[in-house]
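Residue strings, one per chain:
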Number of protein chains: 2
Amino acid sequence: MTKALNTREKLLFHGRRLLWARGYSPVSLRQIAKAADVDVALISRYFGGKMGLFDATLADAFDDPSALAKSPEQLMDLMTQLFVTAPRGGETPSVVRMILSNAHDDDVGEKVRNLTHEKFYAPLLAIIGCPARTALFMSVLLGISVVEKTIKLPDYPAPSTATYEAQLRHMMQAALSYSGETQ
Amino acid sequence: MTKALNTREKLLFHGRRLLWARGYSPVSLRQIAKAADVDVALISRYFGGKMGLFDATLADAFDDPSALAKSPEQLMDLMTQLFVTAPRGGETPSVVRMILSNAHDDDVGEKVRNLTHEKFYAPLLAIIGCPARTALFMSVLLGISVVEKTIKLPDYPAPSTATYEAQLRHMMQAALSYSGETQ
DNA sequence: TTAGGTTGTCAACAAGTGTTGACATATCTC
DNA sequence: GAGATATGTCAACACTTGTTGACAACCTAA
């Protein structure tokens, strides 16, 4: 039993690592199995198939930001902490990376977009209050992640943590202070 | 000869449409051929293979922004025009969408990232001057595109053109006015 | 030990991939 | 017209994909 849990967790770990970073369709079960040093057939046994494994990697993700933040200021603190500390250099890709890699996939795109809306946009909207500002706020988080992680600019060295945090806060502030047409 | 040009252009059109929107690996040559109403084998004949077709779709893209803009203000005007008018609702996906869909692909990711840097980031840097502000500027363009096109939020209606333009300018202004550590 | 359930291994499957070459048909040049 | 070239059609190739079932190895309980 303990051994089975072990291989299950290994598959979950490498499945999340690969499927989140590179996307659902491009990554094959054999690649995941090889990375986990486990037979391919065991994926279908434990998770019922490729989709089952992907769903399992999504199960405990998307911690609700609204559970921890009550004001835009607290939200900025939380996001800063989330973006600056956790995902930088970590082996497990961030949720943002998962969204960017899978939001357009033929098989899982709709599911991912719905999940993003339900567990990410909706809680943010509850705190921020205005749809336009919420969308801008999300675009800041996603955009900065794209530039830093998705598009690795050769001659743009990774900024220091302090610099990165300053840039992030500057842009979040701008998003939250948007006061034009809020449709 | 005219007929060959016709099928070549049909393949190029649908190839760009599908490969840019959904990414290189997930889209098969048979899907493209079917969309273009052309035999699969002709892709390899005319373009030498899948990679050749992809390269062909990239050939005339990435018009150099620096050729038209000389100051950050002109750049903002240009980008506003580019983002607000051209790609909204168009059948051919935008270059931004192409970047987001392909920057991580195993086969074409490096090529796309290099191209992005060479034809997109470098010209922007030449105008803006500061790497940090340039990166933030890019993150605005990419981030807003992600939220609007990559992630289609069900209850976030597409903003009017005027609203969209106002939001875009607001965020670009914020990126260009960043005055923190510029490393 | 025996019986039973869990866990892992292996081979095969149907379907889909990019690519190639043989062949047929059309189009143009002389 | 005849010959040559361009263009399209079709079948097959080697390979990879996700999935399944048969079988062996292991551990636990009676």
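Residues numbered from 1 in each chain as written. Chains lettered and ligands numbered in written order. Predicted model: local features only at pLDDT ≥ 70, side-chain atom pairs only at ≥ 80, totals over all residues. Heavy atoms only, no water.

### Structural notes on the overall build of chain A
To keep it simple, the criterion reads: Numbered from the N terminus, helices here are DSSP runs of H or I no shorter than four residues, and strands are runs of E no shorter than two. Contact between two residues is taken to exist if any of their heavy atoms lie within 4.5 Å; hydrogens are not considered. Computed with a 1.4 Å probe, the accessible areas rest on the Shrake-Rupley method; for each residue, only the protein chains presented here act as cover.
The number of helices and strands found in chain A is nine helices and zero strands. Order of helices (α) and strands (β) in chain A, N terminus to C terminus: α-α-α-α-α-α-α-α-α. Contacts in chain A between residues at least 24 apart in sequence constitute 70% of all its contacts with a sequence separation of at least 6. Of the roughly 8300 Å² that chain A leaves accessible, carbon and sulfur atoms contribute 51%.

### Some remarks on the protein's contact with DNA strand C
Put simply, the rule reads: The nearness test applies per residue and asks whether one of its heavy atoms lies within 4 Å of the molecule or strand. Polar contact criterion, stated in full: a pair of N or O atoms within 3.5 Å, where within protein one must be able to donate a hydrogen and the other to accept it, and residues adjacent in sequence count only if both atoms are side-chain atoms. Residue type decides the class: Asp, Glu, Lys and Arg count as charged, Ala, Val, Leu, Ile, Met, Phe, Trp, Tyr, Cys and Pro as nonpolar, and the leftover types, Gly among them, as polar.
In the neighbourhood of DNA strand C, 18 residues make up the surrounding shell, with Thr7(A), Arg45(A), Tyr46(A), Leu29(B) and Lys50(B) lying closest. In DNA strand C, the atoms that sit within 4 Å of the protein are 52% sugar and phosphate, with bases accounting for the remainder. Between a phosphate oxygen of DNA strand C and a side-chain N or O atom of Tyr46(A), the distance comes to 2.6 Å. Between Lys50(B) and DNA strand C, the recorded distance is 2.8 Å, taken from a backbone N or O atom to a phosphate oxygen. Within the residue set of the surface near DNA strand C, elements represented by two or more residues are helix H1 (2-22) and helix H3 (41-47) of chain A together with helix H2 (29-36) and helix H3 (41-47) of chain B. Broken down by element, the surface near DNA strand C gets its largest block of residues, four residues, from H3(A). Of the residues in the surface near DNA strand C, the class split is eight nonpolar, four polar and six charged.

### Considering the environment of Thr7(A)
Residues and elements named next belong to chain A. Put simply, the test is: Only protein chains enter the accessibility calculation, which uses a 1.4 Å probe. A residue is then buried if its area is under 20% of the maximum for its type, exposed if over 50%, and partly exposed in between.
When you line up the elements, Thr7 lands in helix H1. On the accessibility criterion, Thr7 (15% relative accessible area) is buried. Leave out the neighbours within four places in its chain, and Thr7 touches Val38 and Tyr46.

### Overview of the relation of the copies chain B and chain A
Convention followed: Residues reaching a pLDDT of at least 70 in both copies supply the C-alpha atoms on which the copies are superposed by least squares.
At an RMSD of 0.1 Å, chain B and chain A line up after a rotation of 180° and a shift of 0.1 Å along the axis. A rotation of that kind, with that shift, is consistent with a two-fold axis. Relative to the rotation axis, the closest C-alpha in chain B is found at Gly143(B), a distance of 1.7 Å. The share of interface residues of chain B whose copies in chain A are also at the interface is 98%, consistent with both copies meeting through the same surface.

### Structural notes on the interface of chain B and chain A
Here is the rule we go by: What gets called buried area is simply the loss in accessible area from a 1.4 Å probe that two parts show on being joined, summed for both. Salt-bridge detection follows one rule: a side-chain nitrogen of Lys or Arg within 4 Å of a carboxyl oxygen of Asp or Glu.
Each side of the interface is counted separately: chain B has 48 residues, and chain A has 48 residues. Between chain B and chain A, roughly 4100 Å² of surface is buried when both sides are summed, and carbon and sulfur atoms account for 69% of that area. The interface formed by chain B and chain A contains two salt bridges. The interface formed by chain B and chain A contains five residue pairs in polar contact (both at pLDDT 80 or more). For the side of chain B that touches chain A, the secondary structure elements donating two or more residues are helix H1 (2-22), helix H6 (95-102), helix H7 (109-128), helix H8 (131-150) and helix H9 (161-176) of chain B. For the side of chain B that touches chain A, the element with the highest residue contribution is H8(B), accounting for 14 residues.

### Brief notes about the nonpolar core
Note the cut-off: In plain words, nonpolar cores are sets of buried Ala, Val, Leu, Ile, Met, Phe, Trp, Tyr and Cys residues tied together by side-chain atoms within 4.5 Å.
Ranked by size, the top nonpolar core spans 119 residues in total, and within it Met79(A), Phe137(A), Met171(A), Ile32(B), Met79(B), Phe137(B) and Met171(B) carry the most contacts. In contact with Met171(B), other than residues within four places in its own chain, are Leu136(A), Val140(A), Met171(A), Ala174(A), Ala175(A), Val140(B) and Ile144(B).

### Describing the packing of aromatic side chains
Each aromatic ring pair is described using two quantities: the centre-to-centre distance and the angle formed by the ring planes. The line we're drawing: Any Phe, Tyr or Trp ring, taking Trp's six-membered ring, that has another such ring centre within 6.5 Å forms a pair; planes under 30 degrees apart are called stacked, those over 60 apart edge-to-face, and the others tilted. Working rule: Lys NZ or Arg CZ, within 6 Å of ring centre, within 35 degrees of ring normal, means a charge sits over the ring.
Taken as a whole, this structure holds two aromatic pairs over all chains when the rule is applied. Residues Tyr24(A) and Phe54(A) carry aromatic rings whose centres are separated by 5.3 Å and whose planes lie at 75° to one another, so their mutual orientation is edge-to-face. Here Tyr24(A), found in the loop between H1 and helix H2 (29-36), pairs with Phe54(A), found in helix H4 (residues 50-59); they are 30 residues apart in sequence, far enough to count as distant. Of the residues examined, Tyr24(A) reaches a relative accessible area of 6% and is grouped as buried. Over the aromatic face of Tyr24(A) sits the side chain of Lys50(A), whose NZ or CZ is 4.6 Å from the ring centroid. In this arrangement the basic side chain of Arg16(B) is found over the ring face of Trp20(B), its NZ or CZ atom lying 5.3 Å from the centre.

### Considering the UniProt feature "DNA-binding region" (unreviewed entry) in chain A
We apply this condition: UniProt positions are given in the numbering used here, feature names are shortened, and annotations may be inferred rather than shown by experiment.
As recorded in UniProt, the sites labelled "DNA-binding region" (unreviewed entry) are residues 28-47 of chain A. Split by type, residues 28-47 of chain A is 75% helix and 0% strand. Its first and last C-alpha atoms lie 15 Å apart.

### Points about the pattern of salt bridges
Taken as a whole and judged by the stated rule, the model has 10 salt bridges over all chains. The partner of Asp55(A) in a salt bridge is Lys111(A), and the shortest N-O contact between them spans 2.7 Å. Residue Asp55(A) is found in helix H4, and its partner Lys111(A) is found in helix H7 (residues 109-128); the two are separated by 56 residues along the sequence. Assessed through its relative accessible area of 32%, Lys111(A) is described here as partly exposed. Across the pair Asp60(B) and Arg16(B) runs a salt bridge whose closest N-O atoms are separated by 2.9 Å. Here the residue Asp60(B) occupies a position in the loop between helix H4 (50-59) and helix H5 (72-84), and Arg16(B) occupies one in helix H1, the gap between them amounting to 44 residues. Three or more residues are tied together by salt bridges with common partners; here these are Asp77(A), Glu165(A) and Arg169(A).

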